[in-house]
Amino acid sequence: MIVADKKPIEEIIDMVKGYHKILIVGCNECVTVCEAGGKKEVGVLASALRMYFMNEGEKIEVDEITLERQCDHEYLEEIRNSIDQYDAVVSLACGVGVQFMAEKYFGTPVYPGVNTCFMGVTEERGVWSERCQGCGQCILDKTAGICPISRCAKRLLNGPCGGSTQGKCEISKDLDCAWQLIIDRLKELDRLDEYEEIAPIKDWSTERAGGPRKVVREDVRQ
Amino acid sequence: MTLKEKIASRKFVVLGEFEPPKGADFSRLTKSANQVKGRLDALVVPEMANAVMKAGSLGGCAFLNAQGFETILQVCCRDRNRLALQADILSASALGISNLMAVSGEDIRFGDHPQAREVYDLDLMQLLEILSNFQGGRDMAGIELTGAPAFCIGSTVNAGAIGGALDIEIENLERMVEGGVQFAITTPVFDLHRFQQFMKRIDIEKVAIIPTVLLLKSAGMARYIDRNIKSVSIPSEMIREIQKAPDKLKQCIKTAAELITHLKEMGMAGVLISTVGWEDKLPQLLDAAKL
Ligand code: SF4
Ligand code: SF4
């Protein structure tokens with residue numbers, strides 16, 4: 001899933017200051033799972049804003065809604081009839097949802113309510129960590145299902161650097177060395193001989209470094 | 001007089017573009033530079049123009065500097081992060097390079113290594129910020145340097161922008177000037193009327209504008225550029241003249257020389273002559289332009 005983190009309330013206050021009526025829009029997918037932008041967080045943010053502006057003696061109306069997703073036309077359309085009532089929208093979806101909303105409702109200011117961080121997993125409640133950088137050319141088949149691009153600090157493709165110590169990465173003792181994990185798992189799978197193969201120089205053109213990307217699937221296009 | 005002094009006093013400067021080779025043999029670079037020794041104020045050494053891998057600007061400048069040429073280093077955001085950029089700028093200063101141009105760089109996909117990762121850790125405005133910190137004796141992290149470099153700083157400007165794009169270009173140029181840019185080299189100029197419209201928007205007191213004069217090689221090349229490069233337009237009359245000339249090379253040189261003369265008459269701060277591989281024709285061109 002896409003993992004997001006909460007934005008400091010002060011930042012959001014700065015964005016919406018001066019508006020009279022705003023809509024906070026949550027998203028029922030990834031940001032709900034990572035507890036940054038679901039229905040619950042929409043409610044908490046709305047109350048905090050109402051409270052803040054009331055204390056400041058400013059009148060602001062804050063409405064709430066949570067859509068199934070903000071990255072699909074279908075669900076974003078649900079607010080078409082009400083959007084014009086609002087001076088601005090704060091979207092608690094990931095950056096994708098915020099932008100899709102802004103594209104759709106061109107004349108309405110749309111503000112991001114979360115910091116979108118990465119594609120990752122829930123390790124345990126309250127702990128999320130990165131697993132994929134969407135490089136567009138997956139090599140997990142070669143690396144025992146562990147991604148060195150997203151998990152090795154240096155994105156090394158041919159084994160650990162000299163800084164790997166006791167299974168930990170040189171940048172932090174709280175971070176597993178991705179290459180230690182890869183080697184351990186290759187051993188477990190009895191495939192350690194594959195480690196001998198030199199990974200070819202990576203084609204980064206399919207990654208974000210190659211420019212903004214698009215997937216077009218003629219077979220499913222309507 | 002150094003390039004910096006000439007630019008500051010708005011004396012007409014003549015610059016030449018000298019691409020380092022794709023390879024370790026720099027002898028051709030030396031040979032072509034020596035052919036015009038004493039006739040150019042400085043040599044601009046591009047940093048992997050069009051994202052085509054070759055020897056870099058720093059190496060080229062250091063090499064030419066050692067042979068007594070004044071050079072202009074290109075510092076490019078595309079391939080280096082903030083550490084590498086700062087390191088190169090310090091090295092350049094220590095190697096005696098005193099002029100530099102901050103550039104964004106063409107996209108990697110246009111070049112011969114499209115699978116490479118682009119860097120763009122900093123953009124042009126941020127790179128200029130580093131340079132100004134540097135001249136104040138501090139690096140980007142605010143740490144004091146042992147010895148602050150001092151450069152005459154330039155950049156590029158798209159003289160072919162029109163409409164809204166021109167407004168943005170002018171705005172950006174103003175920002176760059178505030179960021180310390182003293183000269184700006186333009187995209188190749190052929191259409192003087194269009195160029196005059198561009199110049200009307202510039203405060204030449206604040207920044208020295210140095211148009212690029214590109215030595216055409218054929219009518220075909222001219223037509224290609226005119227059709228495919230948005231920022232450059234070439235008058236059809238100019239193309240026709242090359243096409244019907246019995247000696248095409250002579251006509252191409254005449255065209256470039258006339259452009260230089262006109263630009264000088266217009267009061268421009270100088271010209272950059274770009275010959276894209278035809279550096280050996282530079283002496284002839286300089287003769288024709290009486291430089
Ligand atoms: S190899 Fe690429 S696609 Fe596969 S997990 Fe890593 S970043 Fe994601
Ligand atoms: S210690 Fe391991 S994870 Fe960290 S940079 Fe080195 S190889 Fe990568």
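Residues numbered from 1 in each chain as written. Chains lettered and ligands numbered in written order. Predicted model: local features only at pLDDT ≥ 70, side-chain atom pairs only at ≥ 80, totals over all residues. Heavy atoms only, no water.

### A few points about the overall build of chain A
Inference 1: For chain A, the helix and strand inventory stands at 7 helices and 9 strands.
Inference 2: In summary, chain A has a C-alpha radius of gyration of 22 Å against a globular reference of 17 Å for 222 residues, an excess of more than 25%.
Inference 3: Based on the C-alpha atoms only, the size of chain A along its principal axes is roughly 65 × 45 × 25 Å.
Inference 4: For chain A, with 222 residues in total, the buried portion stands at 36%.
Inference 5: Within chain A, contacts between residues separated by at least 24 positions form 59% of all contacts whose residues are at least 6 apart in sequence. (Helix = DSSP H or I, 4+ residues; strand = E, 2+ residues; numbered from the N terminus. Rg over C-alpha atoms; globule rule 2.2 N^0.38 Å. Buried < 20%, exposed > 50% of the residue type's maximum accessible area, 1.4 Å probe, protein only. Contact = heavy atoms within 4.5 Å.)

### Looking at the pairing of strand 2 (residues 42–45) of chain B
Residues and elements named next belong to chain B.
Inference 1: Going residue by residue along strand 2, you find Ala 42 and Val 44 tucked away on one face and Leu 43 and Val 45 tucked away on the opposite face as well.
Inference 2: Two strands pair when backbone bridges link them, and strand 1 (residues 13–17) and strand 2 are joined in this way by 3 bridges, in the parallel orientation. The partner of Leu 15 across the bridge, within strand 2, is Ala 42.
Inference 3: In terms of handedness, the path from strand 1 via helix 2 (residues 27–35) over to strand 2 forms a crossover that is right-handed.
Inference 4: With 3 bridges connecting them, strand 2 and strand 3 (residues 71–76) associate as parallel partners. If you follow Leu 43 over to strand 3, its bridge partner there is Thr 71.
Inference 5: Once you follow strand 2 into helix 3 (residues 57–66) and on to strand 3, the crossover reads as right-handed. (Pairing = 2+ DSSP bridges. Right-handed = clockwise from strand over helix to strand, strands pointing away.)

### Some thoughts on the confidence of the model for chain B
Detail in the predicted coordinates should be disregarded across regions flagged by low pLDDT.
Inference 1: Residues of chain B with pLDDT of at least 70 account for 100%, and the chain-wide mean is 96.
Inference 2: Two summary scores accompany this predicted model of the complex, namely pTM at 0.91 and ipTM at 0.84. (pLDDT = per-residue confidence, 0-100.)

### Observations concerning the layout of surface pockets
Residue and element names in this part refer to chain B.
Inference 1: Estimated volume of the largest pocket: approximately 1600 Å³.
Inference 2: Around the largest pocket, the lining comprises 46 residues; the ones closest to its centre are Asn 50, Glu 106, Thr 156, Thr 187 and Pro 188.
Inference 3: Among the residues forming the lining of the largest pocket, the class breakdown is 25 nonpolar, 12 polar and 9 charged. (1 Å grid on protein atoms, 1.4 Å probe; cavity = no way out; pocket = protein on both sides within 12 Å on 5 of 7 lines; lining within 4 Å. Points joined across faces, edges and corners; volume = space filled by probe spheres on them. Nonpolar A, V, L, I, M, F, W, Y, C, P; charged D, E, K, R; others polar.)

### Here we look at the packing of helix 9 (residues 236–244) of chain B against helix 10 (residues 248–265) of chain B
Residue and element names in this part refer to chain B.
Inference 1: Following both chains from N to C, one finds helix 9 and helix 10 inclined at 150°, their axes separated by 8 Å at the closest point. It follows that helix 9 is roughly antiparallel to helix 10 by the angle criterion. Facing Met 238, Glu 241, Ile 242 and Gln 243 of helix 9, the residues of helix 10 in contact are Lys 248, Gln 251, Cys 252, Thr 255 and Leu 259.
Inference 2: Tallied by class, residues from the contact of helix 9 with helix 10 come to 4 nonpolar, 3 polar and 2 charged. (Axes fitted to C-alpha atoms, helices over the stretch in contact; angles between N-to-C directions. Parallel < 35°, antiparallel > 145°, perpendicular 65-115°, else oblique.)

### A few points about the site of ligand 1
Inference 1: All residues adjacent to ligand 1 are Arg 131, Cys 132, Gln 133, Gly 134, Cys 135, Cys 138, Ile 139, Leu 140, Cys 147 and Ile 149 of chain A.
Inference 2: Residue composition of the shell around ligand 1, by class: 7 nonpolar, 2 polar and 1 charged. (Near = heavy atom within 4 Å.)

### Thoughts on the sheet that holds strand 4 (residues 99–103) of chain B
All names here are of chain B.
Inference 1: Reading around the barrel, the 8 strands line up as 1-2-3-4-5-6-7-8 and close back on themselves, with parallel pairing between neighbours. For this sheet, the mean angle separating the axes of adjacent strands, direction not counted, is 30°.
Inference 2: Summarising the sheet, strand 4 and strand 5 (residues 152–157) pair through 3 bridges and their orientation is parallel. What sits directly across from Asn 99, in strand 5, is Cys 152.
Inference 3: Helix-sheet contacts for helix 7 (residues 192–199) involve strand 5, strand 6 (183–188) and strand 7 (208–214), and the interaxial angle to strand 7 is about 160°.

### Remarks on the pairing of strand 6 (residues 114–124) of chain A
Residues and elements named next belong to chain A.
Inference 1: Strand direction decides the pairing type here: strand 1 (residues 2–6) and strand 6, joined by 5 bridges, are antiparallel. Bridging from a neighbouring strand, Val 3 pairs with Phe 118 of strand 6.
Inference 2: Relative to strand 7 (residues 127–132), strand 6 is paired through 5 bridges, and the arrangement is antiparallel. Bridging across to strand 7, Thr 122 finds its partner in Trp 128.
Inference 3: What sits between the antiparallel neighbours strand 6 and strand 7 is a turn of 2 residues, in which Gly 126 has the positive phi angle 90°.

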